[in-house]
Amino acid sequence: MVKPPRKQRLSVYLDPKVMSRLAEHAARRDFSRSLVAEAAIESFLSPDAAERQEAAITKRLDQLDRRMTRQERDVAIAVETLAVFVRFWLATTPALPEPAAQAAHAKAGGRYDAFVTALGRRLARGPKLRQEISEDIGGGLDTHQPGKPVG
């Protein structure tokens, strides 16, 4: 019977924090520190380690791409909402006569401050408008359930 080759000894110097983490991990798994270190080195040197890392990076990039797509959609909805509102407002609001226009200008600062305050409260507590609108307008994926209030 042939004996398997004997393992070779390697002495390494580890940062105390790394050594502590190694010891904690080995204790949790009920393995020796040597076995955990050997597995870590093997994993690091393995040819598929680069493939695993690439797969993890690709997965993360895909998640970021989906988030960016949602943000682009949300911004497009916000811009279109504002454009529709401005067009509607301009089409339906008659011009004020001169004395009334001067009075309106005098009150504009206070009304604007009240608007900014209300907007700040809305942003702080939610729900956001995008949560109140179906994720896919016209896609038949309406998340509103009949009988339940929206928001």
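Here the structure is a predicted model, which is why all the values come from computation and not from measurement.

What to know about the overall build of the protein chain
Link 1 in the chain: Scanning the protein chain for helices and strands turns up five helices and zero strands.
Link 2 in the chain: Walking the protein chain from its N terminus toward its C terminus, one meets helices and strands in the order α-α-α-α-α.

Quick look at the confidence of the model for the protein chain
Link 1 in the chain: Averaged over all residues, the pLDDT of the protein chain is 82; the fraction at 70 or higher stands at 83%.
Link 2 in the chain: Mean pLDDT values over the elements of the protein chain span from 64, in helix 5 (residues 129-132), up to 94, in helix 1 (residues 16-29).
Link 3 in the chain: Here residues 139-151 is modelled with pLDDT under 50, and outside its nearest four sequence neighbours on either side it reaches eight contacts, counting other chains as well.

Regarding a positive patch on the surface
Link 1 in the chain: Positive charge collects at one region of the surface, where Arg 60, Arg 66, Arg 67 and Arg 70 lie side by side.
Link 2 in the chain: Among the secondary structure elements, Arg 60 is positioned in helix 3 (residues 48-92).
Link 3 in the chain: Classification of Arg 60 as partly exposed rests on a relative accessible area of 41%.

Quick look at the layout of surface pockets
Link 1 in the chain: Approximately 720 Å³ is the volume attributed to the largest pocket.
Link 2 in the chain: Contributing to the lining of the largest pocket are 19 residues, with Leu 10, Ser 34, Ala 37, Glu 38 and Ile 41 lying nearest its centre.
Link 3 in the chain: Mapped by element, the contributors of at least two residues to the lining of the largest pocket are helix 1 and helix 2 (33-45).
Link 4 in the chain: In terms of residue count, the dominant contributor to the lining of the largest pocket is helix 2 (eight residues).
Link 5 in the chain: Class assignment of the residues belonging to the lining of the largest pocket gives a composition of ten nonpolar, three polar and six charged.

Notes on the packing of aromatic side chains
Link 1 in the chain: Applying the stated criterion across every chain, the model contains one aromatic pair.
Link 2 in the chain: Taking 6.4 Å as the distance between ring centres and 40° as the angle between the ring planes, the aromatic pair formed by Tyr 112 and Phe 115 counts as tilted. With Tyr 112 and Phe 115 both in helix 4 (residues 98-125) and three residues apart, the pair spans about one turn of that helix.

Here we look at the side chain of Asp 74
Link 1 in the chain: The residue Asp 74 is located in helix 3 in this model.
Link 2 in the chain: For Asp 74, the side chain forms a polar contact with the side chain of Arg 73, separated by 3.0 Å.

Quick look at unusual backbone geometry
Link 1 in the chain: Despite not being glycine, Asp 30 has its phi angle at roughly 60°, a positive value.
Link 2 in the chain: Structurally, Asp 30 is set in the loop between helix 1 and helix 2.
Link 3 in the chain: Classification of Asp 30 as exposed rests on a relative accessible area of 69%.

Describing the pattern of salt bridges
Link 1 in the chain: Counted under the stated rule, the structure contains three salt bridges.
Link 2 in the chain: Lys 7 serves as the salt-bridge partner of Glu 38, at 3.0 Å between the closest nitrogen and oxygen. Residue Glu 38 is found in helix 2, and its partner Lys 7 is found in the segment before helix 1; the two are separated by 31 residues along the sequence.
Link 3 in the chain: A salt bridge links Arg 73 to Asp 74, with the shortest nitrogen-to-oxygen separation between them at 3.0 Å.

So, how was this worked out
- Residues numbered from 1 in each chain as written.
- Predicted model: local features only at pLDDT ≥ 70, side-chain atom pairs only at ≥ 80, totals over all residues.
- Heavy atoms only, no water.
- Helix = DSSP H or I, 4+ residues; strand = E, 2+ residues; numbered from the N terminus.
- pLDDT = per-residue confidence, 0-100.
- Contact = heavy atoms within 4.5 Å.
- Patch = residues over 30% accessible without salt bridge, like charges linked within 9 Å, V, L, I, M, F, W, Y side chains within 5 Å.
- Areas by Shrake-Rupley, 256 points an atom, 1.4 Å probe, with all protein chains shown as cover.
- Salt bridge = Lys/Arg side-chain N within 4 Å of Asp/Glu carboxyl O.
- Lys, Arg positive; Asp, Glu negative; His and termini not counted.
- Charge placed at Lys NZ, Arg CZ, Asp CG, Glu CD.
- Buried < 20%, exposed > 50% of the residue type's maximum accessible area, 1.4 Å probe, protein only.
- 1 Å grid on protein atoms, 1.4 Å probe; cavity = no way out; pocket = protein on both sides within 12 Å on 5 of 7 lines; lining within 4 Å.
- Points joined across faces, edges and corners; volume = space filled by probe spheres on them.
- Nonpolar A, V, L, I, M, F, W, Y, C, P; charged D, E, K, R; others polar.
- Phe/Tyr/Trp six-rings, centres within 6.5 Å; stacked < 30°, edge-to-face > 60°.
- Polar contact = N/O pair within 3.5 Å; in protein donor to acceptor, adjacent residues only side chain to side chain.

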